[in-house]
Structure formats: structure tokens, C-alpha cells
Amino acid sequence: MIAVKGLDDLLGILGPGRFQIIVYLMLCLNYLSVNNNHVIMAFFGLALPHTCKTPDNATAAFPYLAVTNLTADACFLNLTYADGNGSVEDSQVACPGGWDYDKGAAGPLGISEWTISSEWNLICDSRKLTGLATTIYFTGVMFGGVVCGTLADKFGRKPVMTVCFYLQIAICISISFSQSYLMFVILRFILGFILQGLQSCTYILIMELFLPKHRSVVGTVIECFWAFGNMWVALLAFLFRDWRYIQLAISLPGVLTITYFW
């Protein structure tokens, strides 16, 4: 009889075998969801070319000014008007009627580019809200690392990872139906919280599947899935163009992973 003193001794006897390799590859796929949602704001937050909407009737739009010339740029309407003394004045007005966006040519699937910046006018003075959305997301990641790590120590890596995996699918799909900036950032905060639990539990489970002498190799290979995730999300963004479709595209494949109840 072989004496087994600990987990490493048992792993040395059992493998790594086919079971460990299959589970390892399944766990590596978790990194695609984490990566895609970590980097997606590079596409969602893009500001499309835009100009102020020019009113059809300058006199009706500015009834108290004798407007003689009206031009538009990205963030202002430029007015030239005559004051009561007959002198000519120049002024700028923040776009009162909103913006016109240049969506560019439609992509391979016939979908034109559309981002959260154009959806909720996160441009000009509101441009900082795009960066704030990213900050809020990674604040959720920060808290998720602390809370989910504690829960994983108490209840086990596998249960916490499984709950996080399926919750993130539901939240990802919900984000694609966001009706406001506030709803978007709240859901993204929750998503960041959950994804950090998924990532940390996944990595620890992988380390616990292999002997210490193999862990540097498997820890390196999993980062290849992270790199593949960068290429995958770029392809999805090229194909779908609209942020809502992109969000659905990175969410729905996770529904197929029913086998995660191993």
C-alpha cells in the first residue's frame, strides 16, 4: 500500500491524467468571460464623430438674438449676432438640441457602430462619465476579490466559482438591455464583483489540480486564453459594431456551458 500524506502525494499518484486536463481546459475558458468584460469599455466607451444639431430656424431657436450666422462644431453652436447697438458679437452655446453622430459604414453583418457614448451623449463636458464607468466596474472587482475569496475559503472554490459563473451570464445579458447610464454602471459594478470571484476561484482550482512542479506551466498557459480573449472580443466588436449586440455576443456562449455542473 502506498502511503499518502497529503494532496500533493495523491496528485503525484493520479496524474496529471485525462480528467485533470479536461477540467483544466474547461476552467481556462472562464478567462474568456473575465477578459472580455474587463476590456470591453475600449469599444463601448468610444466617442463617435459628432457635431451639434443645427436648428432649422435660428430665429425660432434664439428669438432674443438677431443671429446672422450659425455654425456647429463637436461641442458648441457658434453664433454671430447683432446686438441692440448694431455691433456684431460672437458667442458659443452648448448644443441645445443634442448631437448628430456619424456611425460610419455598416460592418460585415450590416450593423452600424453605436456605443454608450453616443447612446447617452457621454461626450464633451460629460466625457468623464465614460472613464467613471470603468472606475466603478473595477471598484466592483476590488470588493469582489475580498468577499468572494473569503466565501471560497469558507464554502469551497467550486461552489463559489459555479455560482459566480452563472450569475455573470445573467448580469451580462441584463447589461445589454440597460435603459440608462445609471443602470449600466450599477450592473457593471455587480458584474465586476462577480467576475473577480470567478477569476480567483478558477485560478486557485487550477493550481490545486496539479503538482507544484507543473503549476508554473499551467499558470502560463491559462494566460494564453487571456490573450485569445483579447483577439476574440476584437473580432466580435468588428462584426457586431453596436454595443448592445457585442454585449450579448460575449454573454450567450456561456449559456452553453451546462457541463460546468461536473
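> Help me out: how do you make sense of the side chain of N36 in this one?
Looking at the element boundaries, N36 is found in helix 2 (residues 18-39). On the basis of relative accessibility, which here comes to 2%, the residue N36 falls in the buried class. A polar contact is formed between the side chain of N36 and the side chain of N35, at a distance of 3.3 Å.

> Is there a simple way to explain the packing of helix 8 (residues 181-209) against helix 9 (residues 212-240) in this structure?
For the pair helix 8 and helix 9, interaxial distance at closest approach is 9 Å and the crossing angle is 145 degrees. Handedness of the crossing formed by helix 8 with helix 9: right-handed. Between helix 8, through Q199, T202, Y203, I206, M207 and E208, and helix 9, the contact on the second element is made entirely by R215, V218, G219, I222 and W226. Here the residues of the contact of helix 8 with helix 9 are counted per class, giving 6 nonpolar, 3 polar and 2 charged.

> Help me understand the nonpolar core, please; the structure alone is not making it clear to me.
The nonpolar side chains of soluble globular proteins are, as a tendency, buried together. Counting residues in each nonpolar core, the largest one holds 60 residues, and the members touching the most others are F44, I116, F184, I206 and W243. Here this core gets 13 residues from one element, more than from any other, and that element is helix 8.

> Is there a simple way to think about the packing of aromatic side chains in this case?
The description of two aromatic rings rests on the distance between their centres and on the angle between their planes. Tallying each qualifying case throughout the model produces 10 aromatic pairs. When the ring of F44 is compared with that of W243, the centres are 5.6 Å apart and the planes differ by 70 degrees; the resulting orientation is edge-to-face. With F44 in helix 3 (residues 41-44) and W243 in helix 10 (residues 243-251), this residue pair connects regions lying 199 residues apart in the sequence. In this pair, the class of F44 matches that of W243, namely buried. Taken together, the aromatic side chains of F44, W120, F184 and W243 make up a single cluster linked through ring pairs. Residue placement shows K103 over the ring face of W114; its charged tip is 4.7 Å from the ring centre. A cation over a ring is seen here: R188 above Y137, with NZ or CZ 4.0 Å from the ring centre.

> So what exactly am I meant to see when it comes to the state of the cysteines here?
Chemically, a disulfide is nothing more than a covalent bond linking the sulfur atoms of two cysteines. Applying the stated criterion to the full structure yields 2 disulfides. With its sulfur 1.5 Å from that of its partner, C52 forms a disulfide with C95. Here the disulfide of C52 and C95 is left-handed, its torsion about the S-S bond being about -50 degrees. Here C95 lies in the loop between strand 4 (88-94) and strand 5 (99-101) and C52 lies in strand 1 (residues 50-52), a separation of 43 residues in the sequence. Using a relative accessible area of 11% as the deciding quantity, one classes C95 as buried. Residue pairing for C75: its cysteine sulfur links by disulfide to C124, the two sulfurs lying 2.0 Å apart. Taking the torsion about the sulfur-sulfur bond, which here is approximately -95 degrees, the covalent link between C75 and C124 counts as left-handed.

> Where do I start with the packing of helix 7 (residues 157-175) against helix 8 in this structure?
Angle between the axes and distance between the axes: these two values describe a pair of packed helices. The contact between helix 7 and helix 8 brings their axes to 8 Å, and the two run at 150 degrees. As far as their axial angle goes, helix 8 and helix 7 are roughly antiparallel. The crossing of helix 7 and helix 8 is left-handed. Here the residues of the contact of helix 7 with helix 8 sort into 19 nonpolar, 4 polar and 4 charged.

> Even after reading the chapter, I still don't get the side chain of T115, so can you show me in this structure?
Position of T115 relative to the elements: it lies in the loop between strand 5 and helix 5 (116-119). Taking the relative accessible area as the measure of exposure, T115 reaches 2% and is therefore buried. Contact partners of T115, with chain neighbours within four places excluded, come to F43, F44, L46, L48 and W243.

> When you look at the pattern of salt bridges in this model, what are you seeing that I'm missing?
Where charged atoms from two side chains of opposite charge come close, those side chains can pair. Counting across every chain of the model gives 3 salt bridges. Here E119 and R244 are joined by a salt bridge, their closest N and O atoms 2.9 Å apart. Of the two residues, E119 sits in helix 5 while R244 sits in helix 10, which places them 125 residues apart along the sequence. The closest approach of N and O atoms between D153 and R157, which form a salt bridge, is 2.7 Å. Residue D153 is classed as exposed on the basis of its relative accessible area of 59%. Shared partners join several salt bridges into a network, and the residues in it are D153, R157 and E208.

> Can you help me understand unusual backbone geometry in this one?
Working note: non-glycine residues mostly have negative phi, and peptide bonds are mostly trans. Non-glycine residue C124 carries a positive phi angle of around 55 degrees. Residue C124 is classed as partly exposed on the basis of its relative accessible area, which comes to 24%. Although it is not a glycine, R241 sits at a positive phi angle of roughly 65 degrees. Here R241 is to be found in the loop between helix 9 and helix 10.

About the thresholds
- Residues numbered from 1 in each chain as written.
- Predicted model: local features only at pLDDT ≥ 70, side-chain atom pairs only at ≥ 80, totals over all residues.
- Heavy atoms only, no water.
- Helix = DSSP H or I, 4+ residues; strand = E, 2+ residues; numbered from the N terminus.
- Buried < 20%, exposed > 50% of the residue type's maximum accessible area, 1.4 Å probe, protein only.
- Polar contact = N/O pair within 3.5 Å; in protein donor to acceptor, adjacent residues only side chain to side chain.
- Axes fitted to C-alpha atoms, helices over the stretch in contact; angles between N-to-C directions.
- Left-handed = near helix turned anticlockwise from the far one by under 90°.
- Contact = heavy atoms within 4.5 Å.
- Nonpolar A, V, L, I, M, F, W, Y, C, P; charged D, E, K, R; others polar.
- Core = buried A, V, L, I, M, F, W, Y, C linked by side-chain atoms within 4.5 Å.
- Phe/Tyr/Trp six-rings, centres within 6.5 Å; stacked < 30°, edge-to-face > 60°.
- Lys NZ or Arg CZ within 6 Å of the ring centre and 35° of its normal.
- Disulfide = S-S within 2.5 Å.
- Parallel < 35°, antiparallel > 145°, perpendicular 65-115°, else oblique.
- Salt bridge = Lys/Arg side-chain N within 4 Å of Asp/Glu carboxyl O.

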